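Structure at a glance
Listed here are the chains, written in short residue letters.
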Amino acid sequence: MEPMFSPPLHRQRHQFVIDFVKRNKTKKVVDLGCSECSLLQKLKFHREIELLVGVDIRGAIVKKKMHGLAPVSTDYLQPSYDQLRVELYQGSVTQKDARLRGFDLVTSIELIEHLTLADVERFSEVVFGYMSPGAVIVSTPNSEFNPLLPGLSGFRHSDHKFEWTRAEFKSWALKVCLEYGYEVEFTGVGQAPPGQQERVGFCSQIGVFQRLGGSESCSMLFGDDAEDVFSYTLLYSVNYPSLHDNNILRRVLVSEVLYWAEKLKSRWMEERTGESQRQAEDGEECFGASERHMEMGEKQTAACGSEVKTPVEQWDRGVPGQQEGEEQQVFWRNGLGRQESCRSRRCVSVPLAVLWSCCPKVNALSGSLSNLRHFLMDDPKVRLSQDGSAVLLNVQEQDAEEEEDHDVVEDSGYAEASRCSHSAEPEEDWEANV
Ligand code: SAH
């Protein structure tokens, strides 16, 4: 009978729920009689939802496809700020469970007709009286439409206990509203052929119930007296990765910081190579330790990204007259003021202030410079300068060789500095953490 409708009727019912969720920005949704979780699968993409729960009396049918609700690799690789938890339960809608209280929306799509009339009464009490959600969407077959369904005799499904006319559905719905404080609107999906809509109504009739009194009445209901009944069995639960989780935020921030720091390092080294070549040609002398300031001021104010002008600390050069083991203070300048650099000659130091102000994602994720420092401080992948103001990146052998090749003048102090840096921190440890 489904091909009678386009899109198929079951899709139209699910789309009805999705449209409601989008319009009302519902955060907590339970689908009762969720079966193979097909509605939940669609709802999980609507990230206004923070808690998505499915319940069905038949655990086996839920288990069949429940893993389709798990996060996929992109959810881990590019987590968003949205939060989503999915829970699936085996249980009957005729029984109470405290975990299902306080939801924004309960959906019951083609479920009630599978219950005996006595169980429909229990369903009403459990859903409207106990769970007491902000809204309930109930869909059920409209028996007045049945004569239009080709080849149908009897009910639409062998497990159906009844199929109601519009008047019967209305009578149940209005009674529920009166008893539990809701109002209801009637609609449906699956249009009748032209000219017959008024006479037979929709193929699936739908009642959209809204609780009277808004959210206040709900918090009153769930006071200290709330019965803590846990009759359902949890089959599956999963939390989607979210940037609200500090561990995930740190992971994303660290990888972003390392990416940008490496990028800035490469740019700077490229520029340095060019400079060295020019200096060698010009016969320019090396800086002395006391006057070693990189006058890069104006250059450094340039933005990061494609236009980046190497706002990176420097890799020290050998200094004639420098004693072995003597610490070298190397500075650079930019619009953000003077920053202390790496004390080793074999690393490049990237000030956090530069990363924070130039890299939009680092800025957005950390919120402030002190947050950024705080996040990076305890991460084993990141090496910070002693005062915590810069990320230190070691210079790969390849980079060093290139520098040696290009910068013969600075060769004398290089090996010394290299030894010094190695004795301060074994290279293997650092390498292992990169
Ligand atoms: N809502 C689904 C499936 C409807 S079929 C959809 O839109 O496609 C009805 C489902 O209700 C079945 O999966 C059945 O196992 C479940 N069901 C029947 N009685 C139930 C009860 N008492 N409590 C919970 N689920 C029940």
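Residues numbered from 1 in each chain as written. Predicted model: local features only at pLDDT ≥ 70, side-chain atom pairs only at ≥ 80, totals over all residues. Heavy atoms only, no water.

Remarks on helix 13 (residues 369–377)
- All of the buried residues in helix 13 are L372, F375 and L376. Down the axis, helix 13 shows its buried residues gathered within 90° of arc, on one side only. (Buried < 20%, exposed > 50% of the residue type's maximum accessible area, 1.4 Å probe, protein only. Helix = DSSP H or I, 4+ residues; strand = E, 2+ residues; numbered from the N terminus. Arc of directions from axis to C-beta.)

A short note on the environment of V257
- By the element assignment, V257 lies in helix 9 (residues 246–282).
- Measuring from C-alpha to C-alpha, the distance between V257 and L372 comes to 9.4 Å, with 115 residues separating the pair along the chain.
- Discounting chain neighbours no more than four positions away, the residues touching V257 are L355, V362, L372, L376 and V391. (Contact = heavy atoms within 4.5 Å.)

Notes on the sheet that holds strand 2 (residues 51–56)
- Ordered in space as 6-7-5-4-1-2-3-8, the eight strands form an open sheet in which the pairing is mixed. Of all the strands in the sheet, the pair left with one neighbour each is strand 6 (182–189) and strand 8 (233–239). Neighbour-to-neighbour, the strand axes of the sheet open up by a mean angle of 15°, direction not taken into account.
- As paired elements, strand 1 (residues 28–32) and strand 4 (residues 105–109) share four bridges and run parallel to each other. Counted as the bridge partner of D31 is T107 from strand 4. (Pairing = 2+ DSSP bridges. Axes fitted to C-alpha atoms, helices over the stretch in contact; angles between N-to-C directions.)

Topic: the pairing of strand 7 (residues 204–211)
- Across the eight residues that make up strand 7, a large majority, seven, are buried.
- Note: strand 5 (residues 135–141) against strand 7, seven bridges, orientation antiparallel. Along strand 7, the bridge assignment pairs A135 with Q210.
- Two elements, strand 6 and strand 7, share eight bridges in a ladder whose sense is antiparallel. Across the sheet, residue E183 finds its bridge partner in strand 7, namely Q210.

As for the confidence of the model for the protein chain
- Looking at the protein chain, pLDDT values average 80 and 72% of them are 70 or higher.
- Every residue in residues 406–434 is under pLDDT 50, and counting partners more than four places away or in other chains gives 43 contacts. (pLDDT = per-residue confidence, 0-100.)

Some remarks on the layout of surface pockets
- Roughly 940 Å³ of volume is contained in the largest pocket.
- Residue assignment for the lining of the largest pocket shows that the elements contributing at least two residues are helix 1 (9–24), strand 1 and helix 2 (38–43).
- Looking at the lining of the largest pocket, its residues break down into twelve nonpolar, eleven polar and eleven charged. (1 Å grid on protein atoms, 1.4 Å probe; cavity = no way out; pocket = protein on both sides within 12 Å on 5 of 7 lines; lining within 4 Å. Points joined across faces, edges and corners; volume = space filled by probe spheres on them. Nonpolar A, V, L, I, M, F, W, Y, C, P; charged D, E, K, R; others polar.)

Topic: the pattern of salt bridges
- As enumerated under the stated definition, the model contains twelve salt bridges in all.
- A salt bridge links E36 to K65; the nearest nitrogen and oxygen atoms lie 3.2 Å apart. In this pair, E36 is assigned in the loop between strand 1 and helix 2 and K65 in helix 3 (residues 59–65), connecting sequence segments 29 residues apart.
- Between E125 and K96 there is a salt bridge, with the nearest N and O atoms lying 3.5 Å from each other. Here K96 lies in the loop between strand 3 (85–90) and strand 4 and E125 lies in helix 5 (residues 117–131), a separation of 29 residues in the sequence.
- Connected through shared salt-bridge partners, E36, K64 and K65 make up one network. (Salt bridge = Lys/Arg side-chain N within 4 Å of Asp/Glu carboxyl O.)

Some words on the packing of aromatic side chains
- One pass over the structure, following the stated rule, counts 13 aromatic pairs.
- Where Y89 meets Y232, the ring centres are 6.3 Å apart and the plane angle is 55°; that geometry is what we call tilted. Here Y232 lies in the loop between helix 8 (214–221) and strand 8 and Y89 lies in strand 3, a separation of 143 residues in the sequence. One exposure class covers both Y89 and Y232, and it is buried.
- Consider the rings of F169 and F186, whose centres lie 5.9 Å apart with planes at 75°: the pair is edge-to-face. (Phe/Tyr/Trp six-rings, centres within 6.5 Å; stacked < 30°, edge-to-face > 60°.)

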